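So you can see what is in the structure, the chains are spelled out below.
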Amino acid sequence: MTHETPDISGIGELSKPTTRFSFEEFSRQPEYRQVNRELVVRLAGYLPKNVFTHVDVATGTGLVPELIIEQAAQNGYERGAIIGVDPNRVSLQVARRIVPPPNISLEFIEGYGQDLARLTAGRISNGGADSVSIHDAIHEIPGEENKRGILTSMAGILKPGGVLSYNSAFTAKGMGESAMKWGKWKLEAMRKLGGRRDKLVEAIRIYTPGEYREMIEDTGLKVIHEDLRTVALSKDAIRAISRYPAFIEGVFADMVGQSDVSIEDKSKALIEAFDNLNLNSLERNWHEVIAQKVK
Ligand SMILES: C[S@@+](CC[C@H](N)C(=O)[O-])C[C@H]1O[C@@H](n2cnc3c(N)ncnc32)[C@H](O)[C@@H]1O
């Protein structure tokens, strides 16, 4: 049976390309763009107006670079350089379709967030980057050591006074008051596939917002903004996230016999199960932080 398994290991072989199943469609959803836009607006307020350098880690199809370009235009920034880093070659092909204005250089590099010093060497000035970002990705990096490795690498390329933005909808507060509805959806999808939960499978560790904040602070950065924002995900957004391999695999990770079910069938079960619940939207909480390198 064909089974497309995404490589989200964060170490080892570079990510396998995703085809029909990718994050691209979800990253186009207005509510997803808006929660990221609002964080970028806040981040952009710290950028120097004459010339700035920004590095976006886990850039995917380039949403954050797009939003930075939008803000630079709105704020009238003179010049800028944006670098996006991600191991997923196919996402980067999509990202490379973004056409920046003449005053902004935009480059996408295939690689891991743990390697920023090497990947950006010679690309940013000795003083370091003005800002770095990691949006909706840290929860996908397996293991605390890798998560910390990426954050340390990000803090390492920042110049004194530079800022980092992070957000995640996959913290212990992600489902919030809608936890029952998310649980019902998952169980209904499993039921459709004739599967049941394997209680012996160790659940993927979900970190609390406080733990992510602490990991950021442990790199030596000072948190200057933190929030938990509730976003209503429309039916379209739910359908789109049901076509993202890392999400699909996460939902079914503890289903008995899940490795024998194709990603197509899992995705279809998620979409049909949501339709069965007769919901128009589902709420999700985004935890976000902006932190600054002390001068
Ligand atoms: C959910 S997507 C988010 C993409 C983008 N930030 C956005 O918001 O549209 C998560 C991304 O993390 C990337 N990723 C996984 N492991 C990584 C690593 N070790 N370093 C950098 N990126 C990684 C994946 O390839 C994927 O593109």
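Residues numbered from 1 in each chain as written. Predicted model: local features only at pLDDT ≥ 70, side-chain atom pairs only at ≥ 80, totals over all residues. Heavy atoms only, no water.

Things to note about the sheet that holds strand 6 (residues 221-234)
Spelled out, the test is: Pairing between strands is defined by DSSP: at least two bridges between the two strands are required. Only DSSP runs of H or I reaching four residues or more are called helices, and only runs of E reaching two or more are called strands; each is numbered from the N terminus. Lines fitted to the C-alpha atoms define the axes, with helices restricted to the stretch that makes contact. Angles between their N-to-C directions range from 0 to 180 degrees. Contact criterion: two residues are considered in contact whenever any of their non-hydrogen atoms come within 4.5 Å of each other.
The seven strands are arranged 3-2-1-4-5-7-6 in an open sheet whose pairing can be described as mixed. Single-partner strands in this sheet number two, and they are strand 3 (104-110) and strand 6. The sheet shows a mean angle of 15° between the axes of neighbouring strands, taken without regard to direction. In the sheet, strand 4 (residues 129-135) pairs with strand 5 (residues 158-168) via six bridges, with the strands oriented parallel. Looking at the pairing, Val132 lines up with Leu164 of strand 5. Seen against the sheet, helix 3 (residues 63-75) touches strand 1 (51-57), strand 2 (79-86), strand 3 and strand 4 and runs at an angle of roughly 160° to strand 1. The strands that helix 7 (residues 179-192) touches are strand 6 and strand 7 (281-293); relative to strand 7, the one it contacts most, it runs at about 115°.

Considerations on the site of the ligand
Formally: A molecule or strand has a residue near it when one of that residue's heavy atoms lies within 4 Å. Nitrogen and oxygen atoms within 3.5 Å of one another constitute a polar contact, given that in protein one can donate a hydrogen and the other can accept it, and given that sequence-neighbouring residues count only through two side-chain atoms. The method behind every accessible area is Shrake-Rupley, applied with a 1.4 Å probe, and residues are considered shielded solely by the protein chains displayed.
Not every one of the 21 residues close to the ligand is listed here, only the nearest: Tyr32, Ala58, Asp86, Gly113 and His135. Between Ala58 and the ligand, the recorded distance is 2.8 Å, taken from a backbone N or O atom to a nitrogen atom. Side-chain polar atom of Asp86 to an oxygen atom of the ligand: 2.7 Å apart, as the coordinates give it. About the coverage of the ligand: the protein hides 97% of its 600 Å² of free accessible area.

Some points on the pairing of strand 4
Let me state the cut-off plainly: Summary of the burial criterion: residues with accessible area below 20% of their type's maximum are buried, those above 50% are exposed, and those between are partly exposed, where the area comes from a 1.4 Å probe applied to protein chains only. With the strands pointing away from the viewer, any crossover whose connection runs clockwise from the first strand over the helix to the second is right-handed.
Burial analysis of strand 4 places seven of its seven residues in the buried class, which makes it a mostly covered element. Sheet topology places strand 1 next to strand 4; four bridges connect them, and they run parallel. Residue Val57 lies in a different strand from strand 4, and its bridge partner there is Ile134. Read from strand 4 through helix 6 (residues 144-157) to strand 5, the crossover connection turns out right-handed.

Let's talk about the packing of aromatic side chains
The cut-off we apply is this: In summary, the pairing rule links any two rings of Phe, Tyr or Trp, Trp by its six-membered ring, whose centres are within 6.5 Å, and it sorts them by plane angle into stacked for under 30 degrees, edge-to-face for over 60 and tilted for everything else.
According to the stated counting rule, one finds twelve aromatic pairs in the structure shown. Between Trp185 and Phe274 the ring centres are 5.5 Å apart and the planes differ by 75°, which places this aromatic pair in the edge-to-face class. Placement of the pair is Trp185 in helix 7 and Phe274 in helix 11 (residues 263-277), with a sequence separation of 89 residues. You'll find Trp185 and Phe274 in the same group, each marked buried. A centroid spacing of 5.6 Å and a plane angle of 45° characterise the contact between Tyr207 and Tyr212, whose relative ring orientation is tilted. Judged by its relative accessible area of 2%, Tyr212 falls in the buried class.

Some words on helix 7
Think of an α-helix as turning once every 3.6 residues; residues three or four places apart then point the same way. Which entries qualify depends on this criterion: A helix is expected to span 1.5 Å for every residue after the first.
Helix length check: helix 7, at 14 residues, gives a terminal C-alpha distance of 20 Å against a target of 20 Å (1.5 Å per residue), a fit within 8%. Within helix 7, the full set of buried residues consists of Trp182, Trp185, Lys186, Glu188, Ala189 and Met190. Buried residues belonging to helix 7 abut strand 6, helix 9 (235-241), helix 10 (245-252), helix 11 and strand 7. One or two steps after helix 7, the chain reaches Gly194, where phi turns positive at roughly 70°.

Here's the deal with unusual backbone geometry
Even without a glycine there, the phi angle at Ala58 is positive, about 60°. Structurally, Ala58 is set in the loop between strand 1 and helix 3. With relative accessibility at 24%, the residue Ala58 sits in the partly exposed group. Even without being glycine, Asp136 reaches a positive phi, approximately 50°. Relative to the helices and strands, Asp136 is located in the loop between strand 4 and helix 6. Given a relative accessible area of 9%, Asp136 falls into the buried group.

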